Structure formats: structure tokens, C-alpha cells
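Structure at a glance
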Amino acid sequence: MADRPSRAGAAPPVLVDAVDEASAATTPAVRATTVQAEPRQDDVSAARRSRGRALVTGIASSLAGKAVGLVAPLLITPIAFSYLGAERYGMWMAITSLTAMALFADFGLGNGLLTRLSRLYATGDRRVAAREIASAYALLTCLAVALLLVLVLSIQLVAWPAFLNVVDPVVARDARAVVLLCFGAFLINIPLALIQRVQYAHQQVGQSNLWQAAGSLVSAALVVAAVAVNAAPVLVIAAAVLAVPLLNLANSICYFGWQQPDLRPRVKDVRASKVRGLLRLGLRFFGLSVLSSIALNIDGFLVGRVLGLHAAANYAVILRMFAVLVLFVTLVNLPLWPANGEALARGDVTWVRRSTRRMVYLSAAVVTLPALCLILGGNDILRLWVRSDDLDHVPVPLFVALAVWSVFLAVAAPLFMVQNSVGLLGAQFLGWAVCLVVAVPLKILLAGRDGLSGVALASALSYGVTVLPAAVVGYRKALASVSAKRSNPIEMEHDGEYIARHRRRPA
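Think of each chain on its own: its residues are numbered from 1, step by step along the sequence as written. Reporting of local features is limited, given that this is a predicted model, to residues whose pLDDT is at least 70; pairs of side-chain atoms are given and counted only at 80 or more, and all residues count toward the totals for whole chains, interfaces and linings. Side-chain descriptors were evaluated using all non-hydrogen atoms of the structure, hydrogens and water having been removed beforehand.

Observations concerning a nonpolar patch on the surface
What goes into a patch is any residue over 30% in relative accessible area without a salt bridge, connected to like charges within 9 Å or, for nonpolar side chains (Val, Leu, Ile, Met, Phe, Trp, Tyr), within 5 Å. For every accessible area listed, the method is Shrake-Rupley and the probe measures 1.4 Å; residues are considered covered only by the protein chains on display. Salt bridge, as applied in this entry: a Lys or Arg side-chain nitrogen positioned within 4 Å of an Asp or Glu carboxyl oxygen. Judged by side-chain polarity, Leu242, Leu246, Leu249, Ile253 and Trp258 come together as a nonpolar surface patch covering roughly 510 Å² of accessible area. Helix and strand definitions here come from DSSP, where helices need a minimum of 4 consecutive H or I residues and strands a minimum of 2 consecutive E residues; each element is numbered from the N-terminal end. Position of Leu242 among the secondary structure elements: in helix α11 (residues 233-259).

Set out below in C-alpha cells:
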């Protein structure tokens, strides 16, 4: 288990004066002042080593955990398909796809909490961190309960068997129960999944990824056990969907019960000012996620409208191969988010510049190699993988365009992690908004002229001239904002819920 953040290896905070948020709401006066010296070089070096180890561990465990998360469903799919039957299994997968569309149900609050806790981890203010955590849990628990009530009240109002196009009357009888299970487990997991953000913020990424991998393994084991004892089909589905929230609950109990009891969410620590601050930051992340998701996932709809559903199916299969590269980029760079937040809170801009530059090179290099393999042998790989005569021959320019698009994504990802770590999202908003405006007509135009290759080319061009420059501009602004704050010996910083005055010890 990872050491507690307050122990050895933590450098003295650079930002040192704190004001209790209760008094800050009515007066800007400082109630208590703690004067500390500039961090020594030994402390800075120790913090960098600790941060670097956490980053490497996080990247390795993210890849290993995702591998387990991908393999476990592959193992249980034939078992569940054979036991449940094609129609019941298809109904389950259809409902699962609906929950996947609701991945933004936490309204970005988890990302907002990650950003704020990463800074507090550097300053060592565990009292404020506990209030942030308690407020986030209170807010998301209320949201989950409200949505659960809506689900329970509406479960009988929707004709789910007809909506899901279930024909078998026996399977139709289970439709509402499966809907209640899948959506219920999803909603319950909204507050329970916050433990992952808390652990990421405290640079315990490896620990969090181990728990997530355990959730996938437990889910597979429970499904196999349920099938072995000839359990009812609904119980087999319950075993699959309830494992993840149960493991998140166990993780939360272990973490807050024994590992970090001073951060345990308590009702007395909930603050309205924290809730408001989390909502403001979380909704910005939510809006950004919705905007970027639309821009990245609109291709299937556009291709179907312009070139037909057959072309859309072909494009979806081709894009799936490159989606693996995009997933890799996300997994590798996500641990940078809390690491950057902690480093910038300490004012360690040098480390952030160096690590970001290295991650840009690493992400681009690792994506470029398999992308080149897809350019040279993509059609052979598709034939071995899909084994269908309905799949058309893919022209090389299509592979080239998607490869370039993947490299652009890889280069931008580390730059976005810096901006996310300080909650500076304006450049990203602008980049994705302009990308959407440019990409849609360009894809329609080039699709009519060059087919699927034109769609891929439009994706690469629109991203390269809009989102990529926005990533660079936002990255520079994020570092400049931190440097500007450090250049003032006395400054006031307002983060949405309290005011803090920072001073250095006089010579």
C-alpha cells in the first residue's frame, strides 16, 4: 500500500497562508497565518523522485489493469452468451450500451475533485482536503439517490420489452429487472467511484488500478460461479454488474477506514462553499467532455448519412483498431494529471515542462510504431480479425489519415493533462468547439469526393488546425499562470470557495 501523503517525502508547501472558508465568505481578513521558508533543494529533489516513481508506477499499473479489464470480459462472454441465450444476452448488451452513454452522469465532479485534491496534496492541508472529499461525496450521493428514485418510479412507465425489441415472452419478463439492475448498479457506483479520484490525487494510482483490475476479475469469477450453480439468468447478470460497485465500496472502506481515516467523508465536513466550487469546476469538465465526445464520435452518423450504413459499418471496424491506440494514449497520460497538479501547486514548473516534453515524445513514438504497421498491413489484419466478405478493401490513404490523427491525439494528451491539473479549460473549449464547426462540413464535403478516406483526412486536418494549437496555447497559459502567481510575494487567490493569502518568510 502507498504511504500516506503527509509522511516522508513531502516537501514543505510553497503556498502557506490559509483562511478558513467560513470566515472567508464574509471577510477577506486572514484568520491564521503560518509562515514557512522556501523549500530546500533536497526537499524539491525528494518530491521529484517520489512524483516520478508514482508516475511510472501509475503508467505501468494502468496498462496492466486495462489489460485485465479487457481480458476478463473476453473470458466470460462465451460462457454468458451460451448460458443466457442470444436474445437475453443481446438485451443485456443493449441496456449496457445505454449506461455507457450516461458516463457523464457525475457532471464532471470526479474530475473537479481530482484537480482540487492534487493541489491540496502538495500544500498538505488535509483539513481542507477532507472537506472537499466530504462535499463531493455528499453531492454525488444526493444525485445518485435522486436518479435512483426516478429510475424506480419510471421502471413501470416505460415499455422496456418493446423498447428493446424483445420477442421471446420469457425474456421479456426479465427486461425490467435487468434494466433496474444495470442502471441501478451504474447509479450506485457514481459516488462509490470517487475513491478512484481520491487515490489518483494522492498519487496512489497503482493502488487504484489494482482495485479496478480486481473488480474485473471478481465480476468474471462471480459470473462463472453463478453459471456453475445454474443460477437464474437475472442473477448471472447481477453477478456481472454488481461486482464493480462492491469492489469500489470495499476499496473505500479500506482506504478511509484504515489507510487515511482523517480523510474519511463525514457529514460535519460538508461545506456549501465547497459544493458550489466543485459544481463550478465540475460543470466545466462536464461541458468539455460532452463537446469533445461529440467531435470524436460523430463520424459514424455522418458516414451513414452521406455514404450509407454499409460504409458506416466498414469505417467503424477500421476505426476500432485505431481506437486501441487512442485508449493507450489516455491510459499512459492520465497519471500525469495529479502529478502535474501537485508539482504546480509546489511551483515546480521545471519538472512539469520536462515530464510533459518526455510524455509527448513517448506518446507519439509508441503510437507511431503500430500506426505504421496498420498502414503497411492493415488489410491483412482486418481479414484475420473480422473474417467477413462484407468488409471492403481499405485504401492506404485511409490508414495514413487515421495514423496522422492518432499521432495528433498522442501529442496533445500530455498538454491537456497540464491544463486539467489547474482547471484551465478555456483553450480546450475553444479548440474543440472550432474543431466541431470545421470538421462537420469538411467531412461531408470530402466524404462525397473521396469516400471514407476523405472522412479520415478531414478528421486529421480539423484536429491538427484547431485542437492541437489550442492544446499548445492552453499549456503555455497554464504554466504562465503558475509562474505569475509565484512572482508576487503577496497575492490573493480565489478558487471558488475560499481566499488564501500567501507569503514567504522574510530574510
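Some details on the confidence of the model for the protein chain
Detailed reading of the predicted model is not advised wherever pLDDT is low. Summing up the model confidence of the protein chain, the mean pLDDT is 81 and the portion of residues at 70 or higher is 84%. Known as pLDDT, the predictor's confidence for each residue is given on a scale from 0 to 100. Every residue pair with non-hydrogen atoms within 4.5 Å of one another is taken to be in contact. Taken together, the stretch residues 1-37 has pLDDT below 50 and engages in 76 contacts with residues farther than four places along the chain or on a different chain. In the model, residues 488-507 has pLDDT below 50 throughout and makes 61 contacts with residues more than four positions away in sequence or in other chains.

Re the side chain of Ser118
Within the fold, Ser118 resides in helix α4 (residues 109-123). The buried label goes to any residue with under 20% of its type's maximum accessible area, the exposed label to any with over 50%, and the partly exposed label to all in between, with areas taken from a 1.4 Å probe on protein chains only. The class for Ser118 is buried, based on a relative accessible area of 0%. Beyond its immediate sequence surroundings of up to four residues, Ser118 is in contact with Ala201, Pro338, Gly341 and Glu342.

A short note on the nonpolar core
To form a nonpolar core, buried Ala, Val, Leu, Ile, Met, Phe, Trp, Tyr and Cys residues must be joined to one another through side-chain atoms within 4.5 Å. Counting 124 residues, the largest nonpolar core has Trp92, Tyr315 and Leu402 as its most contacted members. It is helix α17 (residues 396-422) that contributes the most residues to this core, 14 residues altogether. Contacts of Leu402, omitting those with residues within four sequence positions, involve Tyr315, Ile318, Leu319, Phe322 and Ala456.

Digging into helix α9 (residues 194-201)
Counted residue by residue, α9 has 7 buried out of 8 residues, so it is predominantly covered. For α9, the set of buried residues is Leu194, Ile195, Gln196, Val198, Gln199, Tyr200 and Ala201.

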